[in-house]
Amino acid sequence: MPINTCPKSEQNELHFLSYIKRKLQFIGSANKTVILQIDEMHIKPYFDYKGGSISGLCFNSENAATSVMTFMISSILSSYKDVVHILPISKITADALHTLIKQIVVGFESIGFEVICVITDNNSINHKAMSRFVSPSHSYSIVYSHPVDDKRPLFFKD
């Protein structure tokens, strides 16, 4: 069964995380305890018209994307890894990134995964986004309250 998706359709709430939802039936239970990895990858900014639609737009503006925020999962109990969401951006704020991280963690938990940790590179925007998981926010913590169950920890490693 082919699993067709693209970054543009994934931005639609109806199709959010649709790839991994469909793939879940092929994933064993040992693969469902995961780490969410986030990486910003730089791309060439350009627009492309194909199949009646324009690709290359940022998710939150009409500018050409210069980067993509790539969200990946990695099982802690097996070698399973997968790219689960791609977000075209030119700039992103800590608040917007925090909202997206929270949406993805909550989305994963609702479809049957258990997210125990978020790993990012050492970029200050990532620290700021993760610091929003506590109130008042503070940077450079390695344990935050899990957005699904505040009794569970959500670990952070950069």
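Before reading further, recall that the structure is shown in the block above.
Note that the structure is predicted; figures quoted are calculated from it, not measured.

A. Examining the pairing of strand β6 (residues 114-119) more closely. Pairing geometry for strand β1 (residues 33-42) and β6, over five bridges, is parallel. Its bridge partner being in β6, Val-34 is matched across the sheet by Val-115. One ladder, built from three bridges, connects β6 with strand β8 (residues 153-157); its direction is parallel. Bridge pairing in β8 places Ile-119 opposite Lys-157.

B. Region of interest: the environment of Thr-70. Along the chain, Thr-70 turns up in strand β4 (residues 67-75). By relative accessible area, which is 4% here, Thr-70 ends up buried. Sequence separation between Thr-70 and Pro-88 is 18 residues, and the spatial gap between their C-alpha atoms is 8.7 Å. Once residues within four sequence positions are removed from consideration, Thr-70 is found in contact with Gln-37, Ile-38, Asp-39, Met-41, Val-83, His-85 and Ile-86.

C. Broad picture of the pattern of salt bridges. With the rule as written, the count across this model stands at three salt bridges. Salt-bridge contacts for Glu-109 lead to Arg-152; the nearest nitrogen and oxygen are separated by 2.9 Å. Placement of the pair is Glu-109 in helix α3 (residues 94-111) and Arg-152 in the loop between β7 (143-145) and β8, with a sequence separation of 43 residues.

D. Just the packing of α3 against helix α4 (residues 124-131), in detail. Two numbers describe how α3 lies on α4: the axes approach to 8 Å, and their chain directions differ by 60°. On the basis of their axis angle, the class for α3 and α4 is oblique. Considering only the axes of α3 and α4, their crossing is right-handed. Facing α3, whose interface residues are Ala-94, Leu-97, His-98 and Ile-101, α4 presents Ile-125, Asn-126, Lys-128, Ala-129 and Met-130. When the residues that make up the contact of α3 with α4 are grouped by side-chain class, the tally is six nonpolar, two polar and one charged.

E. View of the packing of aromatic side chains. Under the definition given, this model contains two aromatic pairs. Judged by centre distance (5.1 Å) and plane angle (85°), the rings of Phe-108 and Phe-113 are edge-to-face. Taken individually, Phe-108 and Phe-113 each receive the classification buried, so the pair is uniform in this respect.

F. Looking closely at the environment of Val-148. The residue Val-148 is located in the loop between β7 and β8 in this model. Discounting chain neighbours no more than four positions away, the residues touching Val-148 are Val-106 and Glu-109.

The rules we used
- Residues numbered from 1 in each chain as written.
- Predicted model: local features only at pLDDT ≥ 70, side-chain atom pairs only at ≥ 80, totals over all residues.
- Heavy atoms only, no water.
- Pairing = 2+ DSSP bridges.
- Helix = DSSP H or I, 4+ residues; strand = E, 2+ residues; numbered from the N terminus.
- Buried < 20%, exposed > 50% of the residue type's maximum accessible area, 1.4 Å probe, protein only.
- Contact = heavy atoms within 4.5 Å.
- Salt bridge = Lys/Arg side-chain N within 4 Å of Asp/Glu carboxyl O.
- Axes fitted to C-alpha atoms, helices over the stretch in contact; angles between N-to-C directions.
- Parallel < 35°, antiparallel > 145°, perpendicular 65-115°, else oblique.
- Left-handed = near helix turned anticlockwise from the far one by under 90°.
- Nonpolar A, V, L, I, M, F, W, Y, C, P; charged D, E, K, R; others polar.
- Phe/Tyr/Trp six-rings, centres within 6.5 Å; stacked < 30°, edge-to-face > 60°.

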